[in-house]
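Architecture at a glance
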Amino acid sequence: MSTVLGCIADDFTGATDLAGLLARSGVRVSLRIGVPTEPPSQTSPVEVIALKSRTAPVAEAVAETRAALAWLQRAGAQRFFWKYCSTFDCTDAGNIGPVAEALMADLGTDQTIYCPAFPENGRSIYMGHLFVGQQPLAESSMKDHPLTPMRDSNLMRLLTPQVTRAVGLANRLVVAQGAPALRAKLDRLKADGVAHVIVDAVADEDLHIIAEACRDMPLITGGSAVAMALPALYLADGTLSADAPKGPSPDVGKSTIVLSGSCSAMTNKQVATYVAQGAPAYQLDPLDLAKAGTHGVLAWLAAQNLTKAPLIYATADPSSVKAAQEILGIAAVGQMIENTLAACAVAARDAGARRIIVAGGETSGAVTKALGVLQLDIGAEIAPGVPWTFCMSDGKQIALTLKSGNFGTETFFADAQEKLEAP
Ligand code: ADP
């Protein structure tokens with residue numbers, strides 16, 4: 001079947017989050033890691049391409065995203081969704097704005113919306129300001145993110161330096177009036193030359209209104225929650241059909257490895273909880289790693305009983321992260337840890353691990369790349385936006401879950417394992 005909705009995500013956990021939420025509709029969703037090298041064949045009605053472009057140089061992110069768009073267009077898609085983090089992770093240079101402008105140019109459209117809100121996970125937007133729970137973004141733990149520290153909560157101010165055309169707002173008061181009012185507001189903004197419109201949303205009802213108002217825009221951008229409302233609309237008018245196979249998850253056995261490279265506040269709690277639950281755990285020390293390499297962790301891993309689901313983590317509090325970054329450099333330490341966790345994933349797989357749990361968006365990108373995973377089938381959801389997925393790695397069937405920093409509750413690592421064991 002030809003693809004109806006083509007989605008591009010700027011990191012791997014974002015892509016699985018999006019694919020998982022879209023699959024809730026019963027529509028078949030395929031997730032591809034990177035832009036496929038082969039032309040489209042046997043595509044799904046909803047296709048998601050996962051990139052690792054969030055912190056890539058702008059030109060590289062733009063080129064990769066345009067290649068993904070071209071592939072999705074060849075698959076037949078005419079509507080597109082550009083997915084970034086619900087905490088609008090970016091730097092002053094991008095990549096959210098430059099990528100959106102490049103996609104708009106390729107699609108010949110002169111307006112798009114930006115709606116990273118995800119009320120179910122505590123992300124809401126009011127008067128263009130993004131909140132994480134009750135805190136403005138810049139007061140949340142995102143202010144200390146290792147790669148994209150968010151120091152402003154105002155999405156218009158964050159986006160403006162990244163784009164060449166005008167940025168505007170459709171606020172909650174307009175959204176609350178319903179889809180026709182929002183549509184009219186977008187048209188007025190377009191007539192005034194506003195190409196980039198931040199749209200407020202504080203509750204799921206807002207997202208439904210936004211999806212309805214924007215369903216026929218060539219390009220929508222935002223977090224996964226606003227996209228989740230789209231399949232129901234396309235199902236209702238017959239554009240899509242619910243055809244996802246509902247078969248049981250494949251049984252991959254119990255050998256498990258947990259890898260955590262996220263330093264988010266929630267991941268810190270999840271690691272502490274899992275360690276307190278008695279899981280075997282190895283903490284990576286960036287300075288040690290820089291000096292002595294991966295020998296220590298790989299030797300520890302080789303000695304583990306994988307049915308006990310051991311954890312290897314670099315997860316640390318903001319002051320430790322900062323200390324390591326000051327000595328080794330931000331990019332270098334991030335890369336070194338990502339490479340180490342990726343090497344651990346491969347070693348664990350070769351030692352028999354068939355369930356791989358990964359925390360951290362960038363970390364997940366490095367792990368899936370090292371595992372040589374190209375396509376994932378979406379399975380049961382462990383937490384909102386975090387599904388189990390099933391894929392092949394080195395000829396073996398693997399269950400893989402990729403959790404972005406702040407997702408899941410404190411018991412996530414144990415929850416994930418239970419979910420696979422549930423009848
Ligand atoms: P999240 O989903 O929370 O954003 P990511 O994996 O995307 O997690 O980003 C976390 C980044 O922080 C990665 O590049 C990772 O290698 C790096 N990192 C992890 N642990 C440490 C640490 N102890 N010190 C410095 N950087 C770290």
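Thresholds applied
Residues numbered from 1 in each chain as written. Predicted model: local features only at pLDDT ≥ 70, side-chain atom pairs only at ≥ 80, totals over all residues. Heavy atoms only, no water. Domains from an automatic or database assignment. Contact = heavy atoms within 4.5 Å. Buried area = accessible area lost by both parts, 1.4 Å probe. Salt bridge = Lys/Arg side-chain N within 4 Å of Asp/Glu carboxyl O. Polar contact = N/O pair within 3.5 Å; in protein donor to acceptor, adjacent residues only side chain to side chain. Helix = DSSP H or I, 4+ residues; strand = E, 2+ residues; numbered from the N terminus. Near = heavy atom within 4 Å. Areas by Shrake-Rupley, 256 points an atom, 1.4 Å probe, with all protein chains shown as cover. Buried < 20%, exposed > 50% of the residue type's maximum accessible area, 1.4 Å probe, protein only. Disulfide = S-S within 2.5 Å.

According to the domain assignment, the chain consists of domain 1 (5-236) and domain 2 (256-421). Measuring from the centre of the C-alpha atoms in domain 1 to the corresponding centre in domain 2 gives 27 Å. On the domain 2 side, the residues contacting the 28 residues of domain 1 number 29 residues. Around 2300 Å² of area is buried between domain 1 and domain 2 when both sides are counted, 59% of it from carbon and sulfur atoms. Three residues, Thr13, Ile33 and Lys52, lead the burial of domain 1 against domain 2; their summed loss comes to 24% of the area buried on that side. On the surface where domain 1 and domain 2 come into contact, there are three salt bridges. Between lysine 52 and glutamate 362 there is a salt bridge, with the nearest N and O atoms lying 2.9 Å from each other. Inspection of the region where domain 1 meets domain 2 yields seven residue pairs in polar contact (both at pLDDT 80 or more). When contributions to the side of domain 1 that touches domain 2 are tallied by element, the ones reaching two or more residues are helix 1 (12-23) and strand 2 (29-33). The biggest single contributor to the side of domain 1 that touches domain 2 is helix 1, with eight residues.

Here we take up the site of the ligand. In the vicinity of the ligand there are 21 residues, among which His145, Ser262, Glu338, Glu362 and Thr363 approach most closely. Between the ligand and histidine 145 there is a distance of 2.6 Å, counted from an oxygen atom to a side-chain nitrogen or oxygen. When the free accessible area of the ligand is taken as 570 Å², the share hidden by the protein chains comes to 96%. For the shell around the ligand, the secondary-structure elements that each account for two or more residues are helix 14 (330-350) and helix 15 (361-371). Considering each element in turn, the shell around the ligand owes the most residues, four residues, to helix 14.

With an omega of 10°, the peptide bond running from glycine 94 to asparagine 95 counts as cis. Of note, asparagine 95 is situated in the loop between strand 4 (79-83) and helix 3 (96-107). Positioned with a positive phi, phenylalanine 88 is a non-glycine residue whose angle comes to about 55°. Position of phenylalanine 88 among the secondary structure elements: in the loop between strand 4 and helix 3. Take phenylalanine 88: its relative accessible area is 0%, and that puts it in the buried class.

In the structure shown here, the tally under the stated rule is 24 salt bridges. For arginine 66, the salt bridge goes to aspartate 106, with nearest N and O atoms at 2.7 Å. Taken together, the positions of arginine 66 in helix 2 (residues 58-74) and aspartate 106 in helix 3 put the pair 40 residues apart, joining distant regions of the chain. Across the salt bridge formed by arginine 79 and aspartate 216, the nearest N and O atoms sit 3.1 Å from each other. Taken together, the residues span a long stretch of sequence, with arginine 79 in strand 4 and aspartate 216 in the loop between helix 7 (204-214) and strand 11 (219-222) at a distance of 137 residues. A cluster of three or more residues bridged by salt bridges with shared partners is formed by Asp10, Asp11, Arg54 and Asp89.

To continue, consider the state of the cysteines. Per the counting criterion, the structure on display carries zero disulfides. Note on cysteine 90: no disulfide assigned, nearest cysteine sulfur contributed by cysteine 85 at a separation of 9.9 Å. Among the cysteines around cysteine 115, which has no disulfide bond, cysteine 214 carries the closest sulfur, lying 8.7 Å off. Given the relative accessible area of 0%, cysteine 115 is considered buried.

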